[in-house]
Amino acid sequence: MGGRADLHIHTHFSDGVLSPREIIHRARACGLTALAFCDHDHTGAIAEGINAAAETGVEVIPGIELSAVLEGQEIHMLGYFIDPGHEMLQEFLLRVREERLRRASRMVEKLNGMNVPLPFDTVLDRAGQGSVGRPHIASALVEEGFASTYQEAFLRYLGTGRPAYEQKFPVAPAEIIRVIHAAGGLAFVAHPGSSLQENILLSLIREGIDGIEAVHPSHSHATEQHYRGIAEAYFLLTSGGSDFHGGKRNDQDALGKYVVSGDCVEAMRRRIT
Ligand code: AMP
Ligand code: ZN
Ligand code: FE
Ligand code: FE
């Protein structure tokens, strides 16, 4: 079966730049047949995306990207085919977004203590209605003239272990898998090639993930094949996408370039029904 599906896209409901409607418009222009909105800790894009996609022939798969911490390491996990209206899921998302807000405020306090008088309001403005994160602080730092580039904001202040860095609220992968499954979805580990150790991947498999994101801009062809092999060995599904954020971080051309086939989406659908 044909088809081109990009199963990892961010919108302005998290740290992406574009609205769901704009994404659908571009997705259609570059020939995608399906896409998944996977905003960090937020499902706001899904309803608008489904509306915008009606009559375009582009299928919208409801998704989410959540952060877990295991053995001090941050792990990103994707949920696909979740019910965005699920109460337990929304309670969980509210809690983690509140924690994000507290963490962002602690990072701004750290900056303020380092002679960087960035007002917290400028960060909140950048985040808008979406879930706030380091990318919004980085953009605010650039906008207010405290860093010359987005990259520099991470290098000097916000990157892991840098002076204004604050760890994320630790949620165990098992809890994330439970929430995604409760909401009727499938749980995948996101972009494992970027830093995930093999023993951590094996723990996630034991804890019951349904699949591995094999296609990702940070994965070489060899990395993709490596994870496809692991998925096959453990009877797991595979997924993939562009992790598009709307052109903010040199990903201007990424939409349409990192895709999986329609078969991949069908295999997921079979697993949930
Ligand atoms: P947060 O979820 O608030 O920790 O923000 C994480 C996001 O910040 C990641 O998804 C990246 O897009 C971005 N990010 C993290 N580290 C860097 C870095 N060193 N340079 C550029 N962007 C980064
Ligand atoms: Zn992001
Ligand atoms: Fe991620
Ligand atoms: Fe992402």
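Everything quoted here is computed from the prediction, not taken from an experiment.

1. Here we look at the domain arrangement of the chain
Taken domain by domain, the chain consists of domain 1 (4-85 + 171-272) and domain 2 (93-158). Distance from the C-alpha centre of domain 1 to the C-alpha centre of domain 2: 25 Å. Every contact between the two is made by 15 residues of domain 1 and, on the other side, 12 residues of domain 2. Of the roughly 1,100 Å² buried between domain 1 and domain 2, counting both surfaces, carbon and sulfur atoms make up 48%. If you sort the residues of domain 1 by the area they bury against domain 2, Asp41, His42 and Lys248 come out on top, with a joint share of 38%. In this structure, Asp41 engages Arg100 in a salt bridge whose closest nitrogen and oxygen atoms are separated by 2.5 Å. The interface formed by domain 1 and domain 2 includes seven residue pairs in polar contact (both at pLDDT 80 or more). Among the residues making up the side of domain 1 that touches domain 2, the classes are represented as four nonpolar, six polar and five charged.

2. Observations regarding the nonpolar core
Membership of the largest hydrophobic core comes to 31 residues, with the highest contact counts inside it found for Ile75, Phe92, Ile176, Val189, Leu201, Ile209 and Ile212. Once residues within four sequence positions are removed from consideration, Val189 is found in contact with Ile75, His76, Leu196, Leu201, Leu204, Ile209, Gly211, Ile212 and Glu213. The next biggest cluster of nonpolar side chains, apart from the first, holds 20 residues, and it includes Leu111, Ala138, Ala153 and Phe154.

3. With respect to the pairing of strand β7 (residues 237-240)
Taking every second residue as pointing to the same face, both faces of β7 are buried, with Leu237 and Ser239 on one and Thr238 and Gly240 on the other. Here four bridges tie strand β6 (residues 211-215) to β7, and the two strands are oriented parallel to one another. Bridge pairing in β7 places Ile212 opposite Thr238. With respect to chirality, the unit in which β6 leads through helix α9 (residues 221-233) into the neighbouring parallel β7 is right-handed.

What counts and how
- Residues numbered from 1 in each chain as written.
- Chains lettered and ligands numbered in written order.
- Predicted model: local features only at pLDDT ≥ 70, side-chain atom pairs only at ≥ 80, totals over all residues.
- Heavy atoms only, no water.
- Domains from an automatic or database assignment.
- Contact = heavy atoms within 4.5 Å.
- Buried area = accessible area lost by both parts, 1.4 Å probe.
- Salt bridge = Lys/Arg side-chain N within 4 Å of Asp/Glu carboxyl O.
- Polar contact = N/O pair within 3.5 Å; in protein donor to acceptor, adjacent residues only side chain to side chain.
- Nonpolar A, V, L, I, M, F, W, Y, C, P; charged D, E, K, R; others polar.
- Core = buried A, V, L, I, M, F, W, Y, C linked by side-chain atoms within 4.5 Å.
- Buried < 20%, exposed > 50% of the residue type's maximum accessible area, 1.4 Å probe, protein only.
- Helix = DSSP H or I, 4+ residues; strand = E, 2+ residues; numbered from the N terminus.
- Pairing = 2+ DSSP bridges.
- Right-handed = clockwise from strand over helix to strand, strands pointing away.

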